[in-house]
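So the chains spell out like this:
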Amino acid sequence: MANELDEMTAPVNEQGRDVHVIEKQIAPKTGAGSVIFVVVLFVLGIIPGLIFLLVRMSATNYLNALQQKVNHDASQIDNYLEQRVQILKNTAKLLDKAVDFDKSTFTKIAALRSGNNPDAGRNEQARAIEEVNKKINVAIENYPNLKAHQELEDAMQQNAYLQKEITAAREVYNDTVLEWNAAIFAWPTKKMVAAKKGYTTRIPFSVDTETKKQARGTFF
């Protein structure tokens, strides 16, 4: 039997294909089959029925714990975003002392707040932070002598470090979201619990169109 996906002879898309995160939450649903399954267990006897109840209780505890982990991982991203806002704020102050810096940048930094953001709000804040970061980088490029400023160099290194931490935290968050999305459709017990509680899939982190365009650009 031949390979179903044959990299040697199967058709390929010469133009390539871009991918996007779908902004849609899907709710698990149970039908008559689940009801029949539970009834059959209890018909078979009290022991199978009790075992099912214990397994279902375990599924409930698992989903409750996983939901808390999703929230924890999201909070980690917020913490790093908050730290990065503070670093950019300090960097902007250093620039202001050295050159005539765009005062509107300070207003934008002050408006950036973190903590318990919904996913869409967190992504929007990340985009706003990147806009501020670009303005600071432009200012530094316009004044090459600023690169020798030790405090400014330290601040930019901290900024780069926090960006890496944010990227890593997003990976952890997306992994937990993937685990959640798979778990709530795991039949029978987890799916039954998820359907009863009205749980839905969660949307992983995604980047905006502008960032994708920049990633395709030429840097050298």
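Every value quoted in this text rests on a predicted model; they were computed, and no experiment measured them. (Residues numbered from 1 in each chain as written. Predicted model: local features only at pLDDT ≥ 70, side-chain atom pairs only at ≥ 80, totals over all residues. Heavy atoms only, no water.)

**Regarding the overall build of the protein**
Here comes step 1: Helices and strands together make up the secondary structure of the protein, namely seven helices and zero strands.
Here comes step 2: Out of the 220 residues in the protein, the part that is buried amounts to 32%.
Here comes step 3: Across the protein, every contact between residues at least 6 apart in sequence was considered, and the portion connecting residues at least 24 apart equals 76%.
Here comes step 4: On the protein, roughly 14,600 Å² of surface is accessible, and the fraction owed to carbon and sulfur atoms is 57%. (Helix = DSSP H or I, 4+ residues; strand = E, 2+ residues; numbered from the N terminus. Buried < 20%, exposed > 50% of the residue type's maximum accessible area, 1.4 Å probe, protein only. Contact = heavy atoms within 4.5 Å. Areas by Shrake-Rupley, 256 points an atom, 1.4 Å probe, with all protein chains shown as cover.)

**Remarks on a nonpolar patch on the surface**
Here comes step 1: A cluster of nonpolar side chains, contributed by F42, I46, I47, L50, I51, L53 and V55, occupies part of the molecular surface with about 680 Å² of accessible area.
Here comes step 2: Broken down by element, the nonpolar patch gets its largest block of residues, six residues, from helix α2 (residues 46-98).
Here comes step 3: Tracing the backbone through its elements, the reader meets L50 in helix α2.
Here comes step 4: With a relative accessible area of 45%, L50 lands in the partly exposed category. (Patch = residues over 30% accessible without salt bridge, like charges linked within 9 Å, V, L, I, M, F, W, Y side chains within 5 Å. Salt bridge = Lys/Arg side-chain N within 4 Å of Asp/Glu carboxyl O.)

**Brief notes about the environment of R170**
Here comes step 1: Structurally, R170 can be placed in helix α5 (residues 150-183).
Here comes step 2: Separated by 35 residues in the primary sequence, R170 and F205 have C-alpha atoms spaced 6.7 Å apart.
Here comes step 3: Not counting residues up to four positions away in its chain, the partners in contact with R170 are I77, A126, Q163 and F205.

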